[in-house]
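Per-entry structural report
One-letter residues, chain by chain:
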Amino acid sequence: MNTKNRNFFNNPKIKIKEKEKKEEKKEENVVERIKTVVNDEKMEVNAINSFEKQGVAVKKGKAAATDPNKGQKRSRKVISSDSEAESEGGTDVGIASDVSANGKVEADIKSTKRSKSADNKGPEYEGLELGIGESILMKAIAGATGRQVSKVKSEASSSSMQKKVDKISSLIVGSKDIEARYIVRSLEGKLRIGLAEKTVITGLGQALARNSGTSKLSSEEIVDMIKEAFTQVPNYEVVIENIMTYGIENLKDRCKITPGIPVRPMLAMPIKSIEEVKERIDGQEATCEYKYDGERIQIHYIDGVERKSFSRNMENNTAKYRDILGKVQTKQPQVKNYIIDAEVVAYDYKANKILPFQVLSTRKRKEDVQKEDSKENEVDLLDSKVPVKLFAFDVLYFDGKPTLQTSLKERRALLEREFVIDDHFGIVEYKNIQYKNGNTKQFFSNKRGDADEECSAENAENIVDENMEIIEFLNKSIGDSCEGLMVKLLGSEASYYEPNKRSRNWIKVKKDYLAASSGVNGSGGGGIGDSIDLVVLGAYYGKGKRTGFYGGFLLGCYDPDREEFQSCCKLGTGFSDADLDKFAKELKPLVVEKVPFQYSYDVDQTKPDVWFDPKAVWEIKAADLSLSPIYKAGIGLVSNDKGISLRFPRFIRERPDKTPEQSTSADQIAELFEAQ
DNA sequence: AATGACTGCCC
DNA sequence: ATTCTGC
DNA sequence: GCAGAATGGGCAGTCATT
């Protein structure tokens, strides 16, 4: 952990200077490089092979040649290394030699991990993982530089772990100064050059625009076409192949939404106040849907034969949910294909209750090893493991036809009309609304007897707060174990399902986004509507654009009974650049050599790079509290051996008015947890 | 067989 | 996940 | 407003070590 950061504070603070130089050159390089890449048809090999001077390499994250899809989301590029500037401690490795066999090295690394699964099938949308993370990289770097950890074990390269380290070491050793940095970052999956997937697609489009001189289409049009194709078939190889084979003009017909291939899911934008809802949807017909606290799941039914599901990031998670996928039924049995978008939640079928996300996440992810008695196995999954329930909210494809370009109103109607609603499969709870004459007018919801009719004019006049409908529904959703609401337009083209294009056309309203003053208060219980105040116990050195600053902090609460500070969470977001700059300076005098004796924390998993005297108090906001295996806050109060931590903690502001002893107490944290 | 470090992927 | 920032 | 890059808790799975 110290290897990489030893230059902290000594670092001339360099940073994003690269970008200045990029400008024109960036586009140029992207285009040039991608041309090469396309021609080579071996992007992933190029990725590593071309860590040369002016290269833009398209690196396929952790998946290599055999899995075109997996790399998409992790696709990274490298830009001109001669504009390089930043320094980052130990990862700067300068050595020399050639880089020729890199592609093979990567393949080898992969096989050390996957040698078990004999049948290496083609490019399914399955994951192939390298299993290389920070730790392995550190070791490799250490090995390559000889700076540290010279574990000269005699039986060194016998284990698969050590093989990985060795491969990477040799990769790094066999690279030139600058190259090493990008090899490391590449394996990290982050190149940090202000240039990622979207830019690659744009570059790809521009490259093709230049190459296919015959086309009358403008560069922008071509880029748009490729973007469109890519959202529906998120796979570089397939898109490129189709362009090369059938021409850009036919791309639309060749690369279209297909059951079996995941679609980039439409995402939502967070808002900060209820008022923003009105700004977005003013006057238009809209709907509020429960936002369930589960896992996004895209369900595919393929040719009447196969069922698959994909996660939000298009990982194939069929094995994890095979049991519940089998429960999805269309009313018309002859329907052979569909794709629906849903949330899967852990569900207590006896109590008819939605269970917390933490329960869902304990579900097994891989297929049971039992082969026989598939039926019994299915029952087992539902009964003895973590039972789940589906809440559908959209349909992207049905019975041979895409439904992307129909209104949400139609898509929802299709869901309600064509799918069997039962214990295991439901439609999300919703309420349709419309702002009218300054007020929200309720149309109807899908809850029985709730209000299947429009508000009368008289009722509308009775609405004091124009956002009341939404606020009430928001509170209701939270009372029903949900995170909040999704607000979407119902009619018009603006309600089309646009995978990734106008990607944030949906609004998510979570209770904890809203300032405490907004009048949304927990009658339904749950959540920390307000924030809590914690003491800054320590800090971690920042990486990347936070090199030279603290990148994260260890926070804790005070337990007056035990007279100790108990770790509660790490904190790494919510700071402006100015904040970080300020804290780096302000907290420096508080640094102490040794851990203050009254600190309670997990030595292994939570130890900061520097410790502080307990002095600074910060206001933190979070979505939930969780029982933690590693944090100590309120330990013994709720559980004997587990403390309490925070879900999605973020910095709000300093509380110079509070002393550490006045921070939120362990008792209070336990209370908040119990109140959920 | 149990434990622990590490990784990837959910949120 | 949340948040901030340059464009 | 987008895209990118910082950063969070916590789980199962994998592999090494004991």
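If you're wondering where the values come from, they're calculated on a predicted model, not measured in any experiment.

**Side note on the confidence of the model for chain A**
Within chain A, residue pLDDT values average 76, and 70% of them lie at 70 or more. Residue range residues 517–527 is modelled with pLDDT below 50. Its contacts to residues more than four positions away, or to other chains, number 20 contacts.

**Let's talk about the packing of helix α8 (residues 219–232) against helix α9 (residues 236–246)**
Direction vectors running N to C along α8 and α9 enclose 135°, while the axes themselves pass 9 Å from each other. By the angle between their directions, the pair α8 and α9 is classed as oblique. Two packed elements cross with a definite hand, and for α8 against α9 that hand is right-handed. In this structure, α8 uses Ile226, Ala229 and Phe230 to contact α9, whose residues at the interface are Tyr236, Val239 and Ile243. The residue makeup of the contact of α8 with α9, split by class, is 6 nonpolar, no polar and no charged.

**Description of a positive patch on the surface**
Together, Lys198, Lys227, Arg312 and Arg504 make up a positively charged patch on the protein surface. Among the secondary structure elements, Arg504 is positioned in the loop between β12 (482–489) and β13 (506–510). Residue Arg504 is classed as partly exposed on the basis of its relative accessible area, which comes to 41%.

**Here we look at the environment of Gly552**
Examined against the element boundaries, Gly552 turns out to sit in strand β15 (residues 550–559). A C-alpha to C-alpha distance of 36 Å links Gly552 and Phe473, two positions 79 residues apart in sequence.

**Notes on the domain arrangement of chain A**
As assigned here, chain A comprises domain 1 (268–365 + 384–447 + 464–515) and domain 2 (532–675). Computed from C-alpha coordinates alone, the two centres of domain 1 and domain 2 are separated by 35 Å. For domain 1, the biggest contributors to the area lost against domain 2 are Asp293, Gln358 and Asp512; these three give 68% of the whole. Here domain 1 and domain 2 share 2 salt bridges between them. A salt bridge links Asp512 to Arg650, with the shortest nitrogen-to-oxygen separation between them at 2.4 Å. Seen at the junction of domain 1 and domain 2, the total is 4 residue pairs in polar contact (both at pLDDT 80 or more). Of the residues belonging to the side of domain 1 that touches domain 2, the class tally is 3 nonpolar, 1 polar and 4 charged.

**Notes on the protein's contact with DNA strand D**
In the vicinity of DNA strand D there are 42 residues, among which Arg192, Gly194, Thr199, Ser626 and Tyr631 approach most closely. Sugar and phosphate atoms represent 90% of those atoms of DNA strand D found within 4 Å of the protein. In this structure, a phosphate oxygen belonging to DNA strand D sits 3.1 Å away from a main-chain N or O atom of Met161. A distance of 2.5 Å is found between a phosphate oxygen of DNA strand D and a side-chain nitrogen or oxygen belonging to Thr199.

**Focus on the pattern of salt bridges**
A full pass over the atoms with the stated rule returns 26 salt bridges. Of the charged contacts in the structure, one is a salt bridge between Lys409 and Glu285, with a shortest N-O distance of 2.8 Å. Of this pair, Lys409 sits in helix α15 (residues 408–418) while Glu285 is found in the loop between α11 (275–281) and β2 (286–292), placing the two residues 124 residues apart along the sequence. Note on Glu285: relative accessible area 27%, which makes it partly exposed. Note that Glu619 and Arg655 form a salt bridge whose closest N and O atoms lie 3.7 Å from each other. Taken together, the positions of Glu619 in strand β20 (residues 617–621) and Arg655 in the loop between β23 (650–654) and α20 (666–674) put the pair 36 residues apart, joining distant regions of the chain. Classification of Glu619 by relative accessible area gives buried; the value is 10%. One salt-bridge network, in which partners are shared between bridges, spans Asp533, Glu619, Arg653, Arg655, Asp657 and Lys658.

**Here's the deal with the side chain of Asp533**
Within the fold, Asp533 resides in strand β14 (residues 532–541). Residue class for Asp533 comes out buried when judged on its relative accessible area of 7%. Looking at Asp533, its side chain comes within polar contact range of the side chain of Lys658, at 2.9 Å. Apart from residues lying up to four places away in sequence, Asp533 is in contact with Val617, Trp618, Glu619, Arg655, Lys658, Ser663 and Thr664.

**Details of the pairing of strand β10 (residues 430–436)**
The buried fraction of β10 amounts to 6 of the 7 residues, a majority that puts the element mostly inside the structure. Relative to β10, β2 runs antiparallel, the two being bridged by 4 bridges. Considered in β10, the bridge of Thr287 is made with Asn432.

**Notes on α20**
Buried within α20 are the following residues: Ala666, Ile669, Ala670 and Phe673. Down the axis of α20, the sector holding all buried residues measures 100°, keeping them to one side. Its buried side turned inward, α20 meets β14, β15, β16 (564–571), β21 (624–628) and β22 (643–647).

**Considerations on the pairing of β20**
For β20, the tally of buried residues reaches 5 of 5 residues, placing the bulk of the element in the interior. By the alternation rule, side chains of β20 split into Val617, Glu619 and Lys621 and Trp618 and Ile620, which are all buried. By the bridge criterion, 4 bridges tie β20 to β23 in an arrangement that is antiparallel. The partner of Lys621 across the bridge, within β23, is Arg650.

**What about the packing of aromatic side chains?**
According to the stated counting rule, one finds 26 aromatic pairs in the structure shown. On the basis of an interplanar angle of 80° and a centroid distance of 6.1 Å, the ring pair of Phe575 and Phe583 is categorised as edge-to-face. Judged by relative accessible area, which is 1%, Phe583 ranks as buried. Taken together, the aromatic side chains of Tyr550, Phe553, Phe575, Phe583, Phe612, Trp618 and Phe651 make up a single cluster linked through ring pairs.

Quick notes on the rules
- Residues numbered from 1 in each chain as written.
- Chains lettered and ligands numbered in written order.
- Predicted model: local features only at pLDDT ≥ 70, side-chain atom pairs only at ≥ 80, totals over all residues.
- Heavy atoms only, no water.
- pLDDT = per-residue confidence, 0-100.
- Contact = heavy atoms within 4.5 Å.
- Axes fitted to C-alpha atoms, helices over the stretch in contact; angles between N-to-C directions.
- Helix = DSSP H or I, 4+ residues; strand = E, 2+ residues; numbered from the N terminus.
- Parallel < 35°, antiparallel > 145°, perpendicular 65-115°, else oblique.
- Left-handed = near helix turned anticlockwise from the far one by under 90°.
- Nonpolar A, V, L, I, M, F, W, Y, C, P; charged D, E, K, R; others polar.
- Patch = residues over 30% accessible without salt bridge, like charges linked within 9 Å, V, L, I, M, F, W, Y side chains within 5 Å.
- Areas by Shrake-Rupley, 256 points an atom, 1.4 Å probe, with all protein chains shown as cover.
- Salt bridge = Lys/Arg side-chain N within 4 Å of Asp/Glu carboxyl O.
- Lys, Arg positive; Asp, Glu negative; His and termini not counted.
- Charge placed at Lys NZ, Arg CZ, Asp CG, Glu CD.
- Buried < 20%, exposed > 50% of the residue type's maximum accessible area, 1.4 Å probe, protein only.
- Domains from an automatic or database assignment.
- Buried area = accessible area lost by both parts, 1.4 Å probe.
- Polar contact = N/O pair within 3.5 Å; in protein donor to acceptor, adjacent residues only side chain to side chain.
- Near = heavy atom within 4 Å.
- Pairing = 2+ DSSP bridges.
- Arc of directions from axis to C-beta.
- Phe/Tyr/Trp six-rings, centres within 6.5 Å; stacked < 30°, edge-to-face > 60°.

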